[in-house]
Amino acid sequence: MTSEPLTSQPPASEPPPSGRPSPGPSPSAPSPSGPTAAAPPPSGASATGPAAPGTAPAGCPAAARPARVWAVEDLPALDFDPLLAELLAKEPVSRISLPFAAENEAWLVTRYADVRAVTSDPRFSRTALLDRQVTTMTGHMVASKAALNYADPPYHTRLRKAVTKTFTGRGVQRLRPLAQAACDRLLDAMEAAGRPADLMAHLHGPLPMAVVCDLLGIPEEDRAELASWPDLILSSGPGPESSRAAKAQIHGYVTRLLDRRTAEPREDLAGELAEALAEGRIGTDEAVSLAMAVLISGAHAVRNNSANMVYVLLTRPELLARLRAEPELLPQAVDELLRWIPHRNGVGLPRIATEDVEVGGVVIRAGEAVYASYLTANRDPEVFADPDALDFDRTGTGHLSFGHGPHHCMGAMLTRMESEVMLSTLLARYPELRLAGPPESVPFQSKGLIRGPRELYVTW
């Protein structure tokens, strides 16, 4: 459940959800020529009209550049995106246009320091996305408008508090034995089915779904019904109709689950949300949206992230051998794998500048959109020595795979725990675990927002 696994096309201007503060007056949607001339001239602009995007006031470097067209095409296995690598090295604050709404260009920041600055600065707003059309990767909206994704503090803070207890260290440790038991059952069934076996079908798919269902309190008999919905939502391939249908089905299911928890309270996330709803701390749309975000992100992102880790280890025998020899190194190795693996395609949701802000020597104007790449931040050579190397001895500065600032992923501890359970069990149980074919034969997903194998056949 890495940070910001969702990306979407923000809707046209609509009223904010119940309980959400309005973003307030704002310029019209940004375009390649910047805010509208009716807006007050920003700093550095002449009185006769606004400056071009990125034009710096006196004393700041000029940054008016043509936008880079970023198709975000499928890449081989876990290859790092070459455009991201180029921008990090040569143009760390750049203009981009993505496949949808390409005319509404956006900024992209790639350096570690700039990514941290943008994602923690309150002058960059997610709520302001609700009345913007921004260039994006998909033609449909993935996240609910009532979700944390589009919230700014203090509204965002209130939503997170509704589920804080579930994601504490104590809450995650409560789930660890359940995750271990599920892992053991799944691998028992895999062995019974015989070799070779697809780890995606036998482990990486069902285990994260089982953990997230245990977290929410979803009964066993309902889980098969939910299994395919997250994949339909978190993909640019099936299209908006399939995504909307899957979201409607999940929305209906979660609404019924919360109704059951209101009548029969339990110690799970659905019970915590039902309690917050009954006490008036959140509204129905907010409660359903929070549960849906956990279900979709938790099941889909962890499935792919954990499978990517196994793929890397099975194609890097020296790393696999080291973990077998030093099992105590596993938590540190998981963290380094999280840093190194490019777990998503493209970028997540952008933010809107609410006033002129200088980032990395470039002025981002009020009303302009800016994306922050956690992938490139994790490869910044100013922060990570030899950043393209996968080094299990790496310590020091933390990676940004779970995000930064108010939108740091709540499920970070849960994701680490699930990955540790899967890897430690595979290592201990199968001393001869290996791919069933050559690495290049492993098929990876196409048009997914989160990268990962479509199948991962192994033998032992």
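Everything below is about the structure printed above this text.
Residues numbered from 1 in each chain as written. Predicted model: local features only at pLDDT ≥ 70, side-chain atom pairs only at ≥ 80, totals over all residues. Heavy atoms only, no water.

Q: Which residues make up the sheet that holds strand S3 (residues 106–109), and what values do they have?
A: Read from one edge to the other, the open sheet built from 6 strands follows the order S1-S2-S3-S9-S6-S4, with strand pairing classed as mixed. Since the sheet does not close on itself, it has two edges, and those belong to strand S1 (68–69) and strand S4 (124–125), each with one partner. (Pairing = 2+ DSSP bridges. Helix = DSSP H or I, 4+ residues; strand = E, 2+ residues; numbered from the N terminus.)

Q: Explain the pattern of salt bridges residue by residue, including any values.
A: Note on pairing: side chains with opposite charge can pair once their charged atoms come close. Here the structure, examined in full by the defined rule, presents 23 salt bridges. The salt bridge partner of Glu191 is Arg429, with a shortest N-O separation of 2.8 Å. Taken together, the residues Glu191 in helix H4 (residues 169–193) and Arg429 in helix H15 (residues 412–429) connect sequence positions 238 residues apart. Across the salt bridge formed by Arg261 and Asp268, the nearest N and O atoms sit 3.0 Å from each other. For the pair shown, Arg261 and Asp268 are each scored as buried. When salt bridges that share partners are traced, they join Asp121, Arg123 and Glu355 into one network. (Salt bridge = Lys/Arg side-chain N within 4 Å of Asp/Glu carboxyl O. Buried < 20%, exposed > 50% of the residue type's maximum accessible area, 1.4 Å probe, protein only.)

Q: So what's going on with the environment of Thr395? Which residues, and what values?
A: When you line up the elements, Thr395 lands in the loop between helix H14 (374–377) and H15. In this structure Thr395 comes out as exposed when scored by relative accessible area, which is 63%. On a C-alpha basis, the gap between Thr395 and Glu336 in space is 8.8 Å, while along the polypeptide they are 59 residues apart.

Q: Let's hear about the packing of aromatic side chains: which residues, and what values?
A: According to the stated counting rule, one finds 3 aromatic pairs in the structure shown. Ring plane angle 85° and centroid distance 5.2 Å describe the contact between Tyr311 and Phe444, whose orientation is recorded as edge-to-face. Highlighted residues: Tyr311 in helix H11 (residues 284–315) and Phe444 in the loop between strand S10 (434–435) and strand S11 (457–459), separated in sequence by 133 residues. Its end group placed over the ring of Trp107, Arg95 keeps NZ or CZ at 4.8 Å from the ring centre. A cation sits over an aromatic face here: Arg339 above Phe384, 5.3 Å from the ring centre. (Phe/Tyr/Trp six-rings, centres within 6.5 Å; stacked < 30°, edge-to-face > 60°. Lys NZ or Arg CZ within 6 Å of the ring centre and 35° of its normal.)

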